[in-house]
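Letter by letter, the chains look like this.
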Amino acid sequence: MPQQAAPQGFHTGLFVNPAAGRRADFKAACGALFSHLALVDGADAALALPALAALDLLVIDLERFDPELDHAGLARLVTARAGAPTFVLCPFANARWLPALMACGPVEYAIAPLGEAALREQIGLRLAAGPTPAAAPSPREQELDALQALRARVRQALGAGEELAPLAERLCQALCAWPGVAHAALFYLQPGGDLQLQAQAGERNLNLAKVLGRADRLLQSPLRHAFPGLLAAAGNTIALLDDLDKSGEPALSDALREHGVNMVLALPIPSNGPGTPRGSLCLSFRQARSFARDELAALAELADLAAVGLRMADLHRESEEMLVRVTHLSTLDALTGVANRRHGETLLEQEIRRARRYKMPLALIAFDIDRFKSVNDRYGHPVGDLVLRAVADCAHKLVRASDVVVRAGGEEFQVIAPHTSAIDGLKMAEKLRTAIEATAMPGVDQVTVSLGVAQLGEHESADSLTVRVNAALGRAKRAGRNCVELAMG
């Protein structure tokens, strides 16, 4: 005899939403339909409740939930219903929730927003229907459902391009959710390098690095012919070890069995084109089992998805490297390798703010090469370039790590010297003068510099400080060159 639906007011229910106001609104609109209605703010609180699968109705209001942050918890919640339907209120602008949650169990839905009367009607309809009698799914149907859920988890894990390490970690965690999987690993072939164990997840006491004796240089491992994860990556083939003894390596078989593993399956991760794969996905199972054709095809699809994820990680790395190179080119002088004028102006402004904040002195030293035009005229511009580089190198080696050498233009340079008073700046400038004078310059007899020194005034701007130090440099030139002058206050 079919089970009859309970009358209104005799149902148990659970409503899940992170916003207290929405929980209160739901209770006001639909509370009278339930004999007992629990209100919780998230998946963890819901999963902690007893008899979750026995509830007449679970309602998840997806408003205020974040698909990137909350998917895993809500997926566990839908799965915990043990096949009982879950009713989802899904915002129309965020309907990507639906296929992701439907992959985890039976889900009914209504597109939000709903008015109070419409919401009450939707809840009433589902309570009036009562439990839907259905034949238990066959084992084959259960396997296909689990595989579909696995696809959804892997897509979620690979949904955002980012650095390789966290992406690989998330992928392994997603693969571990497939029934029967005790451990999942990703082996990665580094560009121009060797195979390494990039990530693993699952049974805490199983560490493939210990089982294999190493975590990198795995193409040289003595087990590369026996362990499926290495075979798949090196041979670009699916490797299925349904009986560990078939590996021909008793120590390997014993080590895996000690950790509850009785079967290992590995699939190559395809490269962008023909040739060596990018690595492999390796799944360790608690018990041996057989795979249908569509299951292996689905697993190959997961390997393809992993290849896309790895390419996304590569693009992320390449963009980061490009950003570093662009930043390098935009801040350094191409000829001398010291800071260029624009970057020097930015750094000077920063140091002025820091000096004022911490009430510390700041000195600016300006110097240029004496009679540099005659060097170019007499020896040629290539020799002049060598002299510029030699002067910059000498200054860079002499200053402290906190100081910054700047090429201000032509043969003119600056040194930004934090925590430096006028007197200490004069000492530093004199060291620069004598060091450059004593340095053997390529292609010329000797090179000297003239220098000006200024200490930042209490209310002085960067422009004013630069004007004063350049005036001091001009006086050094007029005084006969190869000397140091202190800027006037």
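The rules behind the values
Residues numbered from 1 in each chain as written. Predicted model: local features only at pLDDT ≥ 70, side-chain atom pairs only at ≥ 80, totals over all residues. Heavy atoms only, no water. Helix = DSSP H or I, 4+ residues; strand = E, 2+ residues; numbered from the N terminus. Buried < 20%, exposed > 50% of the residue type's maximum accessible area, 1.4 Å probe, protein only. Contact = heavy atoms within 4.5 Å. Areas by Shrake-Rupley, 256 points an atom, 1.4 Å probe, with all protein chains shown as cover. Core = buried A, V, L, I, M, F, W, Y, C linked by side-chain atoms within 4.5 Å. Expected span 1.5 Å × (residues − 1). Pairing = 2+ DSSP bridges. Axes fitted to C-alpha atoms, helices over the stretch in contact; angles between N-to-C directions. Salt bridge = Lys/Arg side-chain N within 4 Å of Asp/Glu carboxyl O. Phe/Tyr/Trp six-rings, centres within 6.5 Å; stacked < 30°, edge-to-face > 60°.

K.L.:
Explain the overall build of the chain to me, using residue names and the numbers behind them.
P.N.:
A tally of helices and strands in the chain yields 16 helices and 15 strands. Within the chain, the fraction of its 489 residues that count as buried is 45%. For the chain, contacts bridging at least 24 residues in sequence account for 62% of all contacts bridging at least 6. Of the roughly 24,600 Å² of accessible surface on the chain, 54% is carried by carbon and sulfur atoms.

K.L.:
Tell me about the nonpolar core, residues and numbers included.
P.N.:
By size, the foremost hydrophobic cluster in this structure holds 33 residues, and its most contacted members are Leu175, Trp178 and Leu299. The set of elements that each furnish at least two residues to this core consists of α6 (139–157), α7 (164–175), β6 (181–189), β7 (195–202), β9 (263–269), β10 (279–285) and α11 (293–331). Ranked by the residues each element gives to this core, the list is headed by α7, at 7 residues. Listed in part, the 30 residues of the second largest apolar core include Ile365, Val383, Cys394 and Val453.

K.L.:
Summarise helix α14 (residues 381–398); cite the residues concerned and give the values.
P.N.:
The end-to-end C-alpha separation of α14 is 26 Å, in line with the 26 Å expected for 18 residues at 1.5 Å each. What α14 keeps buried is the set Val383, Gly384, Val387, Leu388, Ala390, Val391, Ala392, Cys394 and Ala395. Each element contacted by the buried residues of α14 is listed here: β11 (362–369), α13 (372–379), β12 (404–409), β13 (412–418) and α15 (422–438).

K.L.:
Explain the sheet that holds strand β5 (residues 107–112) to me, using residue names and the numbers behind them.
P.N.:
If you trace the 5 strands from one edge of the open sheet to the other, you get β2-β1-β3-β4-β5, paired in parallel fashion. Looking at which strands have only one partner, the edges of the open sheet turn out to be β2 (36–40) and β5. Taken pair by pair, the neighbouring strands of this sheet meet at an average axis angle of 20°, ignoring direction. With 5 bridges joining them, strand β1 (residues 12–16) and β2 adopt parallel strand pairing. Counterpart to Gly13 in the pairing with β2 is Leu37. The strands that helix α3 (residues 67–79) touches are β1, β3 (57–61), β4 (86–91) and β5; relative to β3, the one it contacts most, it runs at about 165°.

K.L.:
Give a detailed account of the sheet that holds β10, specifying residues and quantitative values.
P.N.:
One key point about sheets: their strands pair by backbone hydrogen bonds, in either a parallel or an antiparallel sense. Spatial ordering of the open sheet is given by β7-β6-β10-β9-β8, a layout of 5 strands whose pairing is antiparallel. Here the strands that pair on one side only, and so sit at the sheet edges, are β7 and β8 (239–241). Neighbour-to-neighbour, the strand axes of this sheet turn through a mean angle of 15°, independent of strand direction. For β6 and β7, the ladder comprises 7 bridges, and the chain directions are antiparallel. Pairing of Leu186 across the sheet is with Ala199, part of β7. In the packing of helix α9 (residues 228–235) onto the sheet, the strands contacted are β6, β7, β8, β9 and β10, and the crossing angle to β9 comes to about 20°.

K.L.:
Please set out unusual backbone geometry residue by residue, giving values where relevant.
P.N.:
A positive phi is found at Arg64, a non-glycine position, where the angle reads about 80°. With respect to the element layout, Arg64 can be found in the loop between β3 and α3. For Arg64, a relative accessible area of 59% translates into the label exposed. For Lys359, which is not glycine, the phi dihedral falls at a positive 55°. With respect to the helices and strands, the residue Lys359 is situated in the loop between α12 (341–358) and β11.

K.L.:
Quick rundown of the side chain of Thr86? Include the residues and the values.
P.N.:
Note on placement: Thr86 falls in strand β4. In this view, Thr86 contacts Leu58, Ile60, Val78, Arg81, Pro106, Val107 and Glu108; residues no more than four positions away in its chain are not counted.

K.L.:
So, the pattern of salt bridges: which residues are in play, and what are the values?
P.N.:
When the charged atoms of two side chains lie near each other, side chains of opposite charge can form a pair. Enumeration according to the criterion identifies 17 salt bridges in this entry. For the salt bridge of Asp242 with Lys246, the shortest nitrogen-to-oxygen distance reads 3.0 Å. Residue Asp242 is classed as partly exposed on the basis of its relative accessible area of 34%. Each of Asp243, Asp245 and Arg257 takes part in one network of salt bridges that share partners.

K.L.:
Residues and numbers for the packing of aromatic side chains, please.
P.N.:
Applying the stated criterion to the full structure yields 4 aromatic pairs. On the basis of an interplanar angle of 70° and a centroid distance of 6.2 Å, the ring pair of Phe187 and Phe227 is categorised as edge-to-face. Residue Phe187 is located in strand β6, and its partner Phe227 is located in the loop between α8 (208–212) and α9; the two are separated by 40 residues in the primary sequence. For the pair formed by Phe187 and Phe227, the shared burial category is buried. Measuring from ring centre to ring centre gives 5.4 Å for Phe367 and Phe413, while their planes differ by 15°; the resulting arrangement is stacked. One end of the pair, Phe367, is in strand β11; the other, Phe413, is in strand β13, with 46 residues separating them in the sequence.

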